[in-house]
Structure formats: structure tokens, C-alpha cells
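Listed below are the residues making up each chain.
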Amino acid sequence: MKKYISTKQIEAEPMTMGEAYEKNLLQAGRVPNESEKTKAGYHVKYEGGYESWSPSEPFEKAYKIADTPLDRMSIEEDELAYRLGKLYAFIHGDKFKELDSTTRAMLAVQYSSMSTYLYVLGLRLTKMASKDGSCSGISFGSAIDLLKSGFAIRRSGWNGKNLFVIKQVPAHIESDIIPKMQSLPQSAKDLILNGKGYIDYTSQCLIYNGNTGRADSWVPSVSDVFADDWELVE
């Protein structure tokens, strides 16, 4: 036989077995004795309108409350943490060593991506629950994703707190704009206008100093690439 996982969504409320009997929610012919009437459980309503009663222990083992976005995100965090733990155990087990190098590499990347996802979920949960929180302590890979999405980033360890990095937006500059550009010397303008006559700016990064107003081209160092102290600049 094959294994199956339920994904159904239900509505439920606490209800004793005695209350369930009075509402005709027990199995046909099931009459609780006096000691069972106070047994804790849940009144369950399934999709389609079917209703029944379930004892607390099996119900709480099978279902988690998902009434709010915070509830649902907490469930996702718990499930992801469980799967990440299983993957960690597999990677550090003997069977992992028997796999080919490509599969081991893919599992390593999968573990890293899941770890990042779990960390960001935790940041979001903190902000959602407390209305306060920051996007900080992230890896360079996640910082690059922020740059691609148009955000500004920096490392918390940088001495200059007014320093931040941005990705310039690629742009096509037509010939009528080039003569007005202050960032180009006249000789460069002449060469461009006598050649293609336009400029296509490609992706590049700038580091901006808020104290001086100065912007310089930026290339990450090795320490930047392997750092985990990147943060979003609000």
C-alpha cells in the first residue's frame, strides 16, 4: 500500500463528549456513560457540511489551528524545521556518502536554501507578532536577492552606518540625452555620438556614503561574499 498525507481544511470548536451526544454528533448508537460525558474533544465541521465529534488527543495530533496568517506561518515554520532536521540527519549519515557527487551537491544547496527560508520565516513571524523587526543577519545570497528587487543593503559590521549598496537600474540613453549628461567628459560624448549614438547601462552596483553624498562603483570582497551580517537599509 502507498502512503498518503491529508491536506483537508476543517472548522472546529472545543466540545465535550456529552455535549456532542446532545447534538447528535456521535456515531449512531454511541451513548456515553457518566464518566465519558466530560471527556474533552472537538466539534468538527468538514467541507461539504458534514459534522462529527473527535476526542482531543487524535484531533490535536492531526490538526493545528490555522485561523490567522500568524497561525498558518507558524505551522509552515514547524513543518519546514521538521523537514530540515530530517535532511540534516540524512546528509550526516552513511547513505549520503554513497550518492554521486552531483546529487550530494544538489542536497547541499537544498539544505542551504531551506535554512535560509526557515530563517526568513522566523524574521517575518517576529515582525508579524510584535509589529517590530528587521531584515538582518542574512547571507550574501539573500542580500543579492534584495538588490535585484530594488532594495538597499549594507553590512551591520561596517563602521560607516550611512554606507549602503544599491544596484543601478539598467537604462537605454538616447542621443538627445547624452549631450546633457554631467557624468561624462565631452570627449566621451563625442566618441559615443560619432559611434552608436546611445548608451546601454547594464547592471552594476554603487556604494553610497550618506555623510558625503559620494557614490563609487562597488565590487564585493571575499569577506563580503561569505558574511552573514547583511541587512536591509530602511
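Above this note sits the structure.
Residues numbered from 1 in each chain as written. Predicted model: local features only at pLDDT ≥ 70, side-chain atom pairs only at ≥ 80, totals over all residues. Heavy atoms only, no water.

Trainee: Whenever I open this one, the overall build of the chain confuses me. Can you help?
Mentor: For the chain, the count of helices and strands is eight helices and eleven strands. Taking 17 Å as the expected radius of gyration for a compact globule of 234 residues, we find that the chain reaches 29 Å, considerably beyond that expectation. In terms of its C-alpha atoms, the chain occupies a principal-axis envelope of roughly 95 × 45 × 40 Å. Taking all 234 residues of the chain together, the buried fraction comes to 26%. Expressed as a percentage of contacts within the chain between residues at least 6 apart in sequence, the contacts between residues at least 24 apart total 53%. With the model as given, the accessible surface of the chain reaches about 16,800 Å², and the carbon-plus-sulfur share is 54%. (Helix = DSSP H or I, 4+ residues; strand = E, 2+ residues; numbered from the N terminus. Rg over C-alpha atoms; globule rule 2.2 N^0.38 Å. Buried < 20%, exposed > 50% of the residue type's maximum accessible area, 1.4 Å probe, protein only. Contact = heavy atoms within 4.5 Å. Areas by Shrake-Rupley, 256 points an atom, 1.4 Å probe, with all protein chains shown as cover.)

Trainee: Explain helix H6 (residues 140-148) here, please?
Mentor: Within the sequence span of H6, burial applies to Phe-140, Ser-142, Ala-143, Leu-146 and Leu-147. When H6 is viewed along its axis, its buried side chains cluster within an angular range of 160° and face the same direction. (Arc of directions from axis to C-beta.)

Trainee: In this structure, what is going on with the sheet that holds strand E3 (residues 51-55)? I would like to understand it.
Mentor: What links the strands of a sheet is backbone hydrogen bonding, and the strands pair in either a parallel or an antiparallel sense. The strand order across the open sheet built from three strands is E1-E2-E3, with neighbouring strands paired in antiparallel fashion. Unpaired on one side and paired on the other, strand E1 (11-14) and E3 mark the two borders of the sheet. Strand-to-strand twist of the sheet, defined as the mean angle between neighbouring strand axes without regard to direction, takes the value 25°. As judged from the five bridges shared by strand E2 (residues 41-45) and E3, these two strands associate in the antiparallel manner. Bridged to Val-44 within E3 is Ser-52. (Pairing = 2+ DSSP bridges. Axes fitted to C-alpha atoms, helices over the stretch in contact; angles between N-to-C directions.)

Trainee: How do you make sense of the side chain of Arg-155 when you look at a structure like this?
Mentor: Looking at the element boundaries, Arg-155 is found in strand E5 (residues 152-155). Overall, the relative accessible area of 16% leaves Arg-155 in the buried class. Among the polar contacts listed, one links the side chain of Arg-155 to the side chain of Asp-229, at a separation of 2.8 Å. Aside from chain neighbours lying at most four places away, what touches Arg-155 is Ser-223, Asp-224, Ala-227, Asp-229 and Trp-230. (Polar contact = N/O pair within 3.5 Å; in protein donor to acceptor, adjacent residues only side chain to side chain.)

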